[in-house]
Amino acid sequence: MKKLTGLLVLAFVLILSACGGKATTESGAKLVEEGKLVYAASGEFKPFSVTEDDGTMSGFDIEVAEAVAKELGLEPEQKKFKFAGIVEGVKSGRFDAAVASHTITEDRLKEVNFSTPYYYSGPQIFVRPDSSVQTLSDLEGMEIAVSKGSTYADTAKEVTDNIQQYDSDVVALEALNKGKHDAVITDFATGKEAISSGLKLEARELIGSSKQAIAVSKDNEALLEDINKALEKLREDGTLKKISEKYFNTDITTDPEE
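Report follows, based on the coordinates. (Residues numbered from 1 in each chain as written. Predicted model: local features only at pLDDT ≥ 70, side-chain atom pairs only at ≥ 80, totals over all residues. Heavy atoms only, no water.)

Here we look at the packing of helix α2 (residues 60–72) against helix α8 (residues 221–236)
For step 1, the next point in the chain: As a packed pair, α2 and α8 sit with axes 9 Å apart at the nearest point and diverge in direction by 105°. On the basis of their axis angle, the class for α2 and α8 is roughly perpendicular. In this structure, α2 contributes Ala-67, Val-68, Glu-71 and Leu-72 to the contact, and α8 contributes Leu-223, Asp-226, Ile-227, Ala-230, Leu-231, Lys-233 and Leu-234.
For step 2, the next point in the chain: By residue class, the composition of the contact of α2 with α8 is 8 nonpolar, no polar and 3 charged. (Axes fitted to C-alpha atoms, helices over the stretch in contact; angles between N-to-C directions. Helix = DSSP H or I, 4+ residues; strand = E, 2+ residues; numbered from the N terminus. Parallel < 35°, antiparallel > 145°, perpendicular 65-115°, else oblique. Contact = heavy atoms within 4.5 Å. Nonpolar A, V, L, I, M, F, W, Y, C, P; charged D, E, K, R; others polar.)

Have a look at this one:
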C-alpha cells in the first residue's frame, strides 16, 4: 500500500513538472500565476509605455493590456523588461504575453505567436531641423540610430552599415536632439510625442506601414485564442478606439487598408 501511494505521489509530481507548474484556465490557457495575466513591456517607449516615478508603467500599451486582462477576468500584472529580451521572455514562459508594440515579422513568428493587431503604425525618419534629409535614400551611408531589438534596424540597413542602437527609441531621439547621429528611425507616434515634449526635431519620410500585436508563447494556443476574442470585443465596443484617442487624438487601432 505504501509503495502504491508513493508511486501515485511520484506520478502527480511528474504531471506537475510536465505542465511547468503553471496554472490553467477553463479554456486551457496556461498562466504564469493563477488568476493573473503577467505581461511585459519596456516602459521606455513613450507614449506606448513609460515608467512612472513609482516604478509602475503607464501608456497606450499598458491600458490595452489592462483592458484585455479585464475582459479575460484576470488581474493584470506588468513586468518591465528591456525590449530586446521580451520575445525570448515570452518564449521561455517568463511572461504570459508581451504587450509592447511588437511589429509582426517573419523572424518573430518563428519564436512566438501573435494576436490579431491591436494597432497599426509605421516607421518614420526624424532629423534635426537643419538636416537636408527628406527620404530614406538621402540617408545613404549616414549614421542612423534605432532601438535594440526593433525592426527599424532592418530598415536602416537598406541604406547604411553605420547603425547605432539604444535601449529605447526615446533615448535615441534625445541623442539626436543633442547633435549625435544623422537621423533616428522610429514609430511615427513616438517621434511626434518626443517633438511635442520639447525636442527640436522634425519628421520626414513615413516609411511603409506595420501591424503591432500581442506576443504569446507558441505552446499556449488557448491563451492566444482568448486574447484574440478579448481584442475583438474591445474593438467592437469602442474600448480600443477610446484608449487610442486618449493618447494620439486619433484612432490607430483600425486597419487603414480596410
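Points about the pattern of salt bridges
For step 1, the next point in the chain: Taken as a whole, this structure holds 14 salt bridges when the rule is applied.
For step 2, the next point in the chain: Residue Lys-233 is joined to Glu-71 by a salt bridge in which the shortest nitrogen-to-oxygen separation is 3.4 Å. Within this pair, whereas Lys-233 is found in helix α8, its partner Glu-71 is found in helix α2, the two being separated by 162 residues in sequence.
For step 3, the next point in the chain: Looking at Lys-233, the relative accessible area reads 38%, which means it is partly exposed.
For step 4, the next point in the chain: By relative accessible area, Glu-71 is classed as partly exposed at 34%.
For step 5, the next point in the chain: A salt bridge links Asp-107 to Lys-110; the shortest N-O distance between them is 3.7 Å. Comparing Asp-107 with Lys-110, the two get one shared label, exposed. (Salt bridge = Lys/Arg side-chain N within 4 Å of Asp/Glu carboxyl O. Buried < 20%, exposed > 50% of the residue type's maximum accessible area, 1.4 Å probe, protein only.)

Overview of the sheet that holds strand β6 (residues 57–58)
For step 1, the next point in the chain: Spatially, the 3 strands line up as an open sheet ordered β4-β5-β6, and their pairing is antiparallel. For this open sheet the edge positions go to β4 (44–45) and β6, each flanked by a neighbour on one side alone.
For step 2, the next point in the chain: Relative to strand β5 (residues 49–51), β4 runs antiparallel, the two sharing 2 bridges. The partner of Phe-45 across the bridge, within β5, is Ser-49. (Pairing = 2+ DSSP bridges.)

Digging into the sheet that holds strand β14 (residues 183–187)
For step 1, the next point in the chain: Taken in spatial order, the 5 strands line up as β13-β12-β14-β11-β15 in an open sheet, and their pairing is mixed. The open sheet has two edge strands with one neighbour each: β13 (163–166) and β15 (202–206). Averaged over neighbouring strand pairs, the angle between their axes works out to 30° when direction is ignored.
For step 2, the next point in the chain: Bridge analysis of strand β12 (residues 144–147) against β13 gives 4 bridges, and the strand direction is parallel. Bridging from a neighbouring strand, Ile-144 pairs with Ile-163 of β13.
For step 3, the next point in the chain: In the packing of helix α6 (residues 169–177) onto the sheet, contacts are made with β11 (123–127), β12, β13 and β14, and the angle to β14 comes to roughly 150°.

Focus on the nonpolar core
For step 1, the next point in the chain: In this structure, Phe-60, Val-68, Ile-125, Ile-185 and Ile-214 are the most contacted members of the largest nonpolar core, which totals 62 residues.
For step 2, the next point in the chain: Those residues in contact with Ile-214 that lie beyond four places of it in its chain are Val-68, Ala-97, Ala-98, Val-99, Asn-113, Phe-114, Ser-115, Tyr-118, Ile-227 and Leu-231.
For step 3, the next point in the chain: By size, the runner-up hydrophobic cluster in this structure holds 11 residues, among which are Ala-172, Leu-176, Val-184 and Leu-201. (Core = buried A, V, L, I, M, F, W, Y, C linked by side-chain atoms within 4.5 Å.)

Looking at the packing of α2 against helix α9 (residues 239–248)
For step 1, the next point in the chain: Two numbers describe how α2 lies on α9: the axes approach to 10 Å, and their chain directions differ by 160°. Relative to α9, α2 is oriented roughly antiparallel. The two elements α2 and α9 cross, and the hand of that crossing is right-handed. In this structure, α2 uses Phe-60, Glu-63, Val-64 and Ala-67 to contact α9, whose residues at the interface are Thr-239, Leu-240, Ile-243, Ser-244, Lys-246, Tyr-247 and Phe-248. (Left-handed = near helix turned anticlockwise from the far one by under 90°.)

As for the pairing of strand β3 (residues 36–41)
For step 1, the next point in the chain: Burial of β3 is extensive: 5 of the 6 residues sit out of reach of the surface.
For step 2, the next point in the chain: Summarising the sheet, β3 and strand β7 (residues 75–80) pair through 6 bridges and their orientation is parallel. Note on β7: the bridge partner recorded for Lys-36 is Glu-75.
For step 3, the next point in the chain: Where β3 lies against strand β8 (residues 97–103), 2 bridges are found, and the strand directions are parallel. Considered in β8, the bridge of Tyr-39 is made with Ala-97.

Notes on the packing of aromatic side chains
For step 1, the next point in the chain: Tallied over the entire structure, the rule returns 10 aromatic pairs.
For step 2, the next point in the chain: Note on Phe-48 and Tyr-119: the rings are 4.9 Å apart at their centroids and 20° apart in plane angle, and the pair reads as stacked. With Phe-48 in the loop between β4 and β5 and Tyr-119 in strand β10 (residues 119–121), this residue pair connects regions lying 71 residues apart in the sequence. Each of the two residues, Phe-48 as well as Tyr-119, counts as buried.
For step 3, the next point in the chain: Centroid distance Phe-48 to Phe-248: 5.2 Å. Interplanar angle 40°. Geometry classified as tilted. (Phe/Tyr/Trp six-rings, centres within 6.5 Å; stacked < 30°, edge-to-face > 60°.)

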